[in-house]
Amino acid sequence: MSTATETHRSVARPPEFEDTHESIRILGFWIFLTTDVVLFGSLFSVYAVFRNRVALGPTPHQLFSMGPVLAETLILLTSTFTCSLSLYAARSNRLKGAVAWLTVTLLLGASFVFLEIREFAGDVMAGHTWHQSAFLSGFFTLVGTHGSHVTIGIAWAIMLVLQLMSGGLTVTNRRKLYTFTLYWHFLDIVWIFLFTVVYLLGIA
Amino acid sequence: MTMNPWILHLMKRLFPPQVLLPDIIGIDIGLTIAAIAAIVFLTKTKRWGWLWREWITTVDHKKIGIMYLLAALVMLFRGGVDALMIRTQLIAPHQHFMSAQQYDEVFTTHGTVMIFFMAMPMVFALFNAAVPLMIGARDVAFPRLNAISFWLFAFGAILLNISFSIGGSPDAGWMSYPPYSELMFDPGVGENYFLLSLQVAGIGTIATGINFLVTVLRLRAPGMTLTRMPIFAWSALITSSLILFAFPPLTVALGLTMLDRIFGASFFTLGHQGMPMMYANLFWIFGHPEVYILIMPPFGIFSEVVPTFSKKPLFGYEAMVASLLAISILSYGTWVHHFFEMGAGPGVNSFFGLSTMLIAIPTGVKMFNWIFTMWGGRIRITVPMLWQLAFVPTFVVGGATGVMLATVPADYQYHNSYFMIAHFHNVILGGTVFGLLSGLYYWWPKMFGWKLNHRQGVWACLLFVVGFWLTFMPQYFLGFQGMTRRMSSYPPGLGWTALNFWSTIGAYVMGVGFLIMVYNIIWSRIHPDWDTTGDPWDARTLEWSLPSPAPEYNFARIPQVHSRDEWWEMKQEGRTDEVKISEKTVHAIHMPRNTPMPVLLALAFFVGSIGMVFEWFWLAILGGLGVVAALAYGSFANYSEKEISRDTILQTEAQLGRLES
C-alpha cells in the first residue's frame, strides 16, 4: 500500500520524467521549441513590416474574410483539447483512449490544413499570388510556415499512432506523445498570434 | 551535327562558360584524379568496411570531433587559396590575374567558406573533442543528433564546394545582400548554391546548439556545479544558447531569398514594394551574434591554456563567466552597426554605437584576467601558449579598431573600406583562428594519442603571426587612403601600390605558415611522440585524467568532483588513484549503437538541395521524400544501445594500466 504522499508524487511525476534518458530528450525538445519561437518571431516581424506594402495587390482588408478563418481557428483549438485528452488517457494508462484521441487530433489537424489550402488556392485563383506584393509574400510565408508545421505534426502523429499501437505505452512512446503535445500546443499558440496579428488586425 | 537539344540544354546548365576557365578545369582534373586515387586506395587496402563502421556510421563524439577537425582544415586550405588568389590579383595596379567576375566569386566563397565551413566546424571539433570529457560525461546528450549535425555540415560544405565546377560559384559576397543577390541582377545557379548550402549546414548548427546546451546542463559529473565547470564548458554553454537565437533569423533570411529567386516571391525585390533592407536586418541579427559564436570558444580555450601553462588557477573565474554572459546579451543589441549609413537616423545609430562600445568592457576584463593569470606564474612557452601570446596584442588592436568603427560619425569614413576589412580579419583571424589553432595544438594529443612536434609548431606559429601582421597592418592605411573593399583592381598613382604589395607578401608568408602546420601534422603522424600518460601538459581539468585517446566509453568510472581544476587537485592531494577501477567498482556501460541514419538523412538533404539549386523540382521532391523516409526510419528503428561488458572494460583499462592494484 502506498501512502497518500507517494500516490501524489506518482501522479505529479509521469514515467517519462522519471527516466533520465527521456527527461533529457524532453529538455532538448523544449530548447528546440525556443528556436522555433525565434523562427516565427522573425517571420512575424517581416509580416509586420510588409503589412502595408501592398503595391498593386489587395490590402489585408480586401483579402481576408472571417468565415473560413474562424472555422480554422475553432478546429485547431478543438484539436489542441483532444491532444491533451490523448495525453491524459496515456497518463491514466488507457492505451485505446490515447490512440483514439490522437487520431481525432490528427484528423482535425488535417481538416485545418485542408481549409487553409482551400483559402490559399482561392486567393491564387483570384490572381493574388505572392509575386504581386511584399504583403502577399509575407502573408503566404508566415501562414504557410505555420501550415507546414501542422502538416509535419500530422505526419508525426500518424507515426506515433502506429508506434503506440505496436509498442504500447512504453516510456519512450509516452515521451514521444508528451513532446508531440508540446509541439501541438505550441502551434496553437502561434495560431492565436497569427489570428490576431494577421486576420483580426487585417479585417479591422 | 545533330545533338539532342535536351542534353545540350543540360550541359549548358551544368557547365556554363564561367566553369570552363582553364584553372577551374585544371582543378577539376586534379580533384578527379585524387578521388580515383582515394577509391583505389580504399579498395586495395580493403578499408570500405572500416570506413563505414568506424567513421561514417559512428555516433562517438570523439570521432565526430576528429571528422569536424579534418574537414575544417581542408576548408581552411580552400578558403586560404581563395585569399591568396585575391591578394595575388591586388599585388600591383591593373592586374588581371582573374576577371572581375571570377574575383567576385572568389571573395564570396572565401568569406562563406571561412565563416561557415572552416571556423564553425573547427569550433564544433573542439567542443566534441573536449567538452564531454571535461565535464565527466560518456557522450553528448544526443549522440545520433550529433552525427546528423556533422553530416549536414559535411554535405552543406560539399554543396558549396562543387559550385565552382558545376553550374558556377555564388558571387554576391558572403552576406549576399539583395538586390544584388536577386534573380534580376544575378541569374544562374551560384546564389542558389549559397542559399541551400548554408541552409543545410545551418540546420546542423542549430542541432549542435541544442545538443551542447543540454549536454552541459544535464550530463555533468556529480559534484560539478556550474561554478566548478571549466570555462571552456561555459563557453560551449553560452555559444550554444547564442546559436539558438541567432540561427533561426538566418534560416528566415536565406529562406525568403530562396523564395524570391526560385518561386517568384517579392520579399527583397525592388519591384512590388519588396524591401532589401529587411534582409540586411535579418542577416545581421544573425550575423552579429555569429561573430561572438566564433569568438566565445576561443575565449574558453585560452581560459584553459593560460592556467595550464602558467601553473596557476585562472584569475577571476567569476569575472570570466560574468563577462561571457554580458557579451552574449549585449551581442543582440549591436547589429545595426553593420549599416549605420543606410539611413536609420541619429537616435538609432547612437544606441547601436554605444552598445557596440559597451562590449569592449567585458572583453577587456577577459584580457586582464588572462594577463593576471600569467602574472607571477611559471610560464611554459608551448605551441598553444604561443598562439595565446600572439592573440593578446592582435586582439587588443582588433578591439580598439572596432571601437573606432563603432563611432558613428567616423564610421561614415571607414565603412566598407580596407580599414574595416583589416579590423574584422584582426578579430576573426587574430582572435578566432589563433584561438582555434591554440586549441588544436592543446587537445591534439587527447584526440589522437600523439603530440605535434614542438619545433615545427613554433615555426608555423611564428610565420603565420608575422605574415598576419604584415598582411593586415597595411590594410588599415589603405582604408584611410580610400581603398574600398571588393575592388577587383586599382589604378596606379593613388599611393596604394606599396601597401598592397606588402599585404600580398604577408598573405604568402601566412600560407607558408599553414603549409608548415600541415607538414607538422604529417611529420608527427609518421614519427609519433606517443602520449602514454594521458596528461602531456601537466594540465588541470578532467579530460587529462583519461588516457589519450580516451576509450569509447570515456570514463570507466564517473569521477566525483570536489573543486574547479579537479584533476589538478587530485594530483596535488595524491588522489589520482580515484580514476582507476577495480573488479569491485566496475559496471557494465551502455553506449549508443552506430547507425547509418544520420548520413542517409544528410544525403537526402543534399539530393533535395541539388534539385532546388537547378530547379529540378522532381529531384527536390525526391530528396524531400528521402528526408521523411530517413526520419521515419530513425523513429521506427529500435535505436538501441549496446552493452559494453564488465570484462571488456576491465581488459581495456588493464591494457591502459588503470586497474587498482
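Structure's up top.
The structure contained in this document is the topic of the report that follows. (Residues numbered from 1 in each chain as written. Chains lettered and ligands numbered in written order. Predicted model: local features only at pLDDT ≥ 70, side-chain atom pairs only at ≥ 80, totals over all residues. Heavy atoms only, no water.)

Brief notes about empty space enclosed by the protein
Any space left empty among the atoms is revealed by the rolling of a water-sized probe across them.
All names here are of chain B.
Then comes step 1: Under the counting rule described, the total for this entry stands at 4 cavities of 30 Å³ or more.
Then comes step 2: By volume, the largest cavity amounts to about 90 Å³.
Then comes step 3: As for the largest cavity, its lining consists of 13 residues, of which F116, M120, F153, A201 and T205 are closest to the centre.
Then comes step 4: Within the residue set of the lining of the largest cavity, elements represented by two or more residues are α5 (100-134), α6 (143-162) and α7 (190-218).
Then comes step 5: Classifying every residue of the lining of the largest cavity by side-chain character gives 9 nonpolar, 4 polar and no charged. (1 Å grid on protein atoms, 1.4 Å probe; cavity = no way out; pocket = protein on both sides within 12 Å on 5 of 7 lines; lining within 4 Å. Points joined across faces, edges and corners; volume = space filled by probe spheres on them. Helix = DSSP H or I, 4+ residues; strand = E, 2+ residues; numbered from the N terminus. Nonpolar A, V, L, I, M, F, W, Y, C, P; charged D, E, K, R; others polar.)

What about unusual backbone geometry?
All names here are of chain B.
Then comes step 1: With an omega dihedral of 0°, the bond running from P178 to P179 counts as a cis peptide bond.
Then comes step 2: With respect to the helices and strands, the residue P179 is situated in the loop between α6 and α7.
Then comes step 3: Cis geometry is found at the peptide bond from S548 to P549, where omega equals -15°.
Then comes step 4: Note that P549 resides in the loop between β2 (529-530) and α17 (566-572).
Then comes step 5: Its identity is not glycine, yet K46 carries a phi of approximately 55°, on the positive side.

Some remarks on the interface of chain A and chain B
Then comes step 1: With 35 residues of chain A at the interface, the matching set in chain B holds 32 residues.
Then comes step 2: Buried area between chain A and chain B, summed over both chains or domains, comes out near 2,800 Å², and the portion from carbon and sulfur atoms is 73%.
Then comes step 3: Taken together, chain A and chain B are joined by 15 residue pairs in polar contact (both at pLDDT 80 or more).
Then comes step 4: At 19 residues, helix α3 (residues 20-50) of chain A tops the list of elements feeding residues into the side of chain A that touches chain B.
Then comes step 5: Looking at the side of chain A that touches chain B residue by residue, the classes come out as 16 nonpolar, 16 polar and 3 charged. (Contact = heavy atoms within 4.5 Å. Buried area = accessible area lost by both parts, 1.4 Å probe. Polar contact = N/O pair within 3.5 Å; in protein donor to acceptor, adjacent residues only side chain to side chain.)

Considering the pattern of salt bridges
Side chains carrying opposite charge are able to pair once their charged atoms draw close together.
Residue and element names in this part refer to chain B.
Then comes step 1: What the rule picks out here adds up to 18 salt bridges over all chains.
Then comes step 2: K311 is the salt-bridge partner of D538, the closest N and O atoms lying 3.3 Å from each other. In this pair, D538 is assigned in the loop between β2 and α17 and K311 in the loop between α9 (276-310) and α10 (317-330), connecting sequence segments 227 residues apart.
Then comes step 3: Since its relative accessible area comes to 25%, D538 is described here as partly exposed.
Then comes step 4: On the basis of relative accessibility, which here comes to 27%, the residue K311 falls in the partly exposed class. (Salt bridge = Lys/Arg side-chain N within 4 Å of Asp/Glu carboxyl O. Buried < 20%, exposed > 50% of the residue type's maximum accessible area, 1.4 Å probe, protein only.)

Comments concerning the packing of helix α8 (residues 231-263) of chain B against α10(B)
All names here are of chain B.
Then comes step 1: Where α8 meets α10, the closest approach of the two axes is 10 Å, and the angle between their N-to-C directions is 15°. As summarised for this structure, α8 and α10 are arranged roughly parallel, according to the angle between their axes. Where α8 crosses over α10, the two elements pack in a sense that is right-handed. Only Y317, M320, V321, L324, L325 and S328 of α10 make contact with α8, whose side of the interface consists of I231, W234, S235, I238 and L242.
Then comes step 2: Residues that form the contact of α8 with α10 fall into these classes: 9 nonpolar, 2 polar and no charged. (Axes fitted to C-alpha atoms, helices over the stretch in contact; angles between N-to-C directions. Parallel < 35°, antiparallel > 145°, perpendicular 65-115°, else oblique. Left-handed = near helix turned anticlockwise from the far one by under 90°.)

Overview of the environment of Y47(A)
Residues and elements named next belong to chain A.
Then comes step 1: By the element assignment, Y47 lies in helix α3.
Then comes step 2: Distance in space between the C-alpha atoms of Y47 and G109 is 24 Å, their sequence separation being 62 residues.
Then comes step 3: When neighbours within four sequence positions are excluded, Y47 is seen to be in contact with F64, F135, G138, F139, L142, V197 and V198.

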